[in-house]
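Observations on chain architecture
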Amino acid sequence: MRSYEKAILFAVTSSVSLTFLRGHVGLLSGRGWRTGVSAAPTTPGQLQTFAAQEQASAFPVPMEREISLGADLKALVTMYRTLRDFRPTVTNVGTPKAGLIGGLAATAARVPVRIYAARATHETAQGNKGRLLQATERLAMACAHRVVCVSPSLRERVHELGLAPAHKTVVLGAGSPNGVREPPPPTPLPQLCTVSALA
C-alpha cells in the first residue's frame, strides 16, 4: 500500500466528543497514516488544538444535534466536499448526527472502507421522534461496511433493534469506546544449547 493510500478521516458531531478519539488518531499518525478529524467546534480552536496534538488535519463541519433539514443538508454538502478534498481510504464516523452525515457523504464519495462506531442506541426518545432516530441510525449503519460496537451487550441490542445485521457488526477485544491495545509480541523462547547424543 502506497503511503498516500493510508488515509483515514474520523468524524464526530461535536468537538466535545473528540475525547473518544484521543490517542487513537495520534497512534495512526505515528504509523504513517494521513489522518484527519472532523467535528462542529464547540469552543473556538478546540478542534484545531486536538488535531495538532494528534498530528492530524482539522476539518470543521457545522452540525446540529437536533434534526434540522436545512442545516443537515448544508453539513452533508460540506462533509462531501471535505472527503473529496482529503480523499481518505477509510472513514470512521460516530455519534448520531456525524454517523449519518458522515456515512451518507462517504457513500456518495465512494470511500473504499467505511466504519461506523456505535457507542449507544436511540432508546430514550419515544413516539415518532424515537422511530425517526432509529431509522436514521439504521441508515447510518447501512452506509458502513463494518459497525464497531463498544461492548458485546450493545452489539446484541443493535441486532435486537434490527439496526444492522450480525455479519456487519464487531466488538474489538472485550469492548472499548476508544479501541483496544495491541497484545504484546510473544516472548521468544530461550535458545537451548544441545549436544547431539550421536556426536
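Summarised in this report is the structure supplied together with it.

Scoring rules and cut-offs
Throughout, residues of each chain are indexed from 1 in the direction in which the sequence is written. Where local features are concerned, this predicted model is filtered to residues with pLDDT of at least 70; where side-chain atom pairs are given and counted, the filter is 80 or more; whole-chain, interface and lining totals use all residues. To get the side-chain values, take all heavy atoms of the structure and skip hydrogens and water. Two strands qualify as a pair provided DSSP detects at least 2 bridges between them. By definition, any uninterrupted DSSP run of H or I lasting at least four residues is a helix, any uninterrupted run of E lasting at least two residues is a strand, and each is numbered from the N terminus. Handedness of a crossover is defined as follows: orient the strands so they point away from the viewer, and if the path from the first strand over the helix to the second runs clockwise, the crossover is right-handed. Buried means the residue's accessible area, taken with a 1.4 Å probe over protein chains only, is under 20% of the maximum for its type, while exposed means over 50%, and partly exposed covers the values in between. Here, residues are in contact when the closest pair of their heavy atoms is within 4.5 Å. Axis lines are fitted through C-alpha atoms, for helices just across the contact stretch, and the angle between N-to-C directions can take any value from 0 to 180 degrees. By definition in this entry, angles of less than 35 degrees are roughly parallel, angles greater than 145 are roughly antiparallel, angles of 65 to 115 are roughly perpendicular, and the rest are oblique. Crossings are sorted by hand: turned counterclockwise from the far helix by less than a right angle, the near helix makes the crossing left-handed, and turned clockwise it makes it right-handed. When a carboxyl oxygen of Asp or Glu lies within 4 Å of a side-chain nitrogen of Lys or Arg, that pair is called a salt bridge. Here a helix's expected span is defined as the number of its residues, less one, multiplied by 1.5 Å. Note that the arc is defined by the directions from the helix axis to the C-beta atoms.

1. Some points on the pairing of strand S3 (residues 57–60)
For a regular strand, side-chain orientation follows a simple rule: the groups alternate between the two sheet faces. By the bridge criterion, four bridges tie strand S2 (residues 34–40) to S3 in an arrangement that is parallel. Counted as the bridge partner of Gly36 is Ser57 from S3. On the question of chirality, the crossover connecting S2 to the parallel S3 by way of helix H2 (residues 46–53) is right-handed.

2. Quick word on the side chain of Thr95
Along the chain, Thr95 turns up in the loop between strand S4 (90–94) and helix H4 (96–108). A relative accessible area of 14% places Thr95 in the buried class. The residues touching Thr95, leaving out its near neighbours within four places in the chain, are Val12, Thr13, Ser17, Phe20, Ala117 and Arg119.

3. Observations concerning the packing of helix H3 (residues 69–86) against H4
It is the contact of H3 with H4, at a shortest axis distance of 9 Å, that shows an interaxial angle of 50°. In terms of their interaxial angle, H3 and H4 are classed as oblique. The handedness of the crossing between H3 and H4 is right-handed. Here Asp72, Ala75, Leu76, Met79, Tyr80 and Leu83 of H3 come into contact with H4, specifically with Lys97, Ile101, Gly102, Leu104, Ala105, Ala106 and Ala108.

4. What to know about the pairing of strand S5 (residues 113–118)
One ladder, built from five bridges, connects S4 with S5; its direction is parallel. In the strand pairing of S5, Val93 is matched with Tyr116. In the classification by handedness, the crossover that spans S4, the intervening H4 and the parallel S5 is right-handed. In this structure, S5 lies alongside strand S6 (residues 146–149), joined through four bridges in parallel fashion. When the bridges of S6 are listed, Tyr116 appears paired with Val147.

5. Overview of the pattern of salt bridges
All chains considered together, the criterion is met by two salt bridges. A salt bridge links Asp72 to Lys97; its shortest N-O distance comes to 2.8 Å. Of this pair, Asp72 sits in helix H3 while Lys97 sits in helix H4; the two residues are 25 residues apart in sequence, bridging distant segments of the chain. In this pair, the class of Asp72 matches that of Lys97, namely buried.

6. Quick word on unusual backbone geometry
Positive phi values are uncommon outside glycine, yet Arg87 reaches one of about 55°. Assignment of secondary structure puts Arg87 in the loop between H3 and S4. Note on Arg87: relative accessible area 54%, which makes it exposed. Residue Arg110 is not a glycine yet carries a positive backbone phi of 60°. Looking at Arg110, the relative accessible area reads 73%, which means it is exposed.

7. Notes on the sheet that holds strand S1 (residues 7–14)
Within the open sheet, the seven strands sit side by side as S3-S2-S1-S4-S5-S6-S7. Their pairing is parallel. Each edge of the open sheet carries a strand with a single partner, namely S3 and strand S7 (169–171). The mean inter-strand angle of the sheet, taken between neighbouring strand axes irrespective of direction, is 25°. Along the sheet, helix H6 (residues 152–160) contacts S5, S6 and S7; its crossing angle with S7, the most-contacted strand, is approximately 165°.

8. Here's the deal with the side chain of Ser29
Among the structural elements, Ser29 can be located in helix H1 (residues 24–30). Taking the relative accessible area as the measure of exposure, Ser29 reaches 12% and is therefore buried. Apart from the residues within four sequence positions on either side, Ser29 is in contact with Thr35, Glu54 and Gln55.

9. Comments concerning helix H5 (residues 127–142)
Three or four residues apart is the spacing at which side chains of an α-helix point the same way, because the helix has 3.6 residues per turn. For H5, built from 16 residues, the straight-helix expectation of 22 Å at 1.5 Å per residue is met to within 8% by its first-to-last C-alpha distance of 23 Å. Residues of H5 that are buried: Gly130, Leu133, Gln134, Glu137, Ala140 and Met141. The arc enclosing the buried residues of H5, seen along the axis, measures out at 120°, which places them on a common side. Turned more than 90 degrees from where H5 packs its buried face, Asn128, Arg131 and Ala142 sit exposed. Structurally, H5 contributes buried residues whose contacts are with H4, S5, S6 and H6.

Remember, this is a structural readout, not a statement about activity or role.
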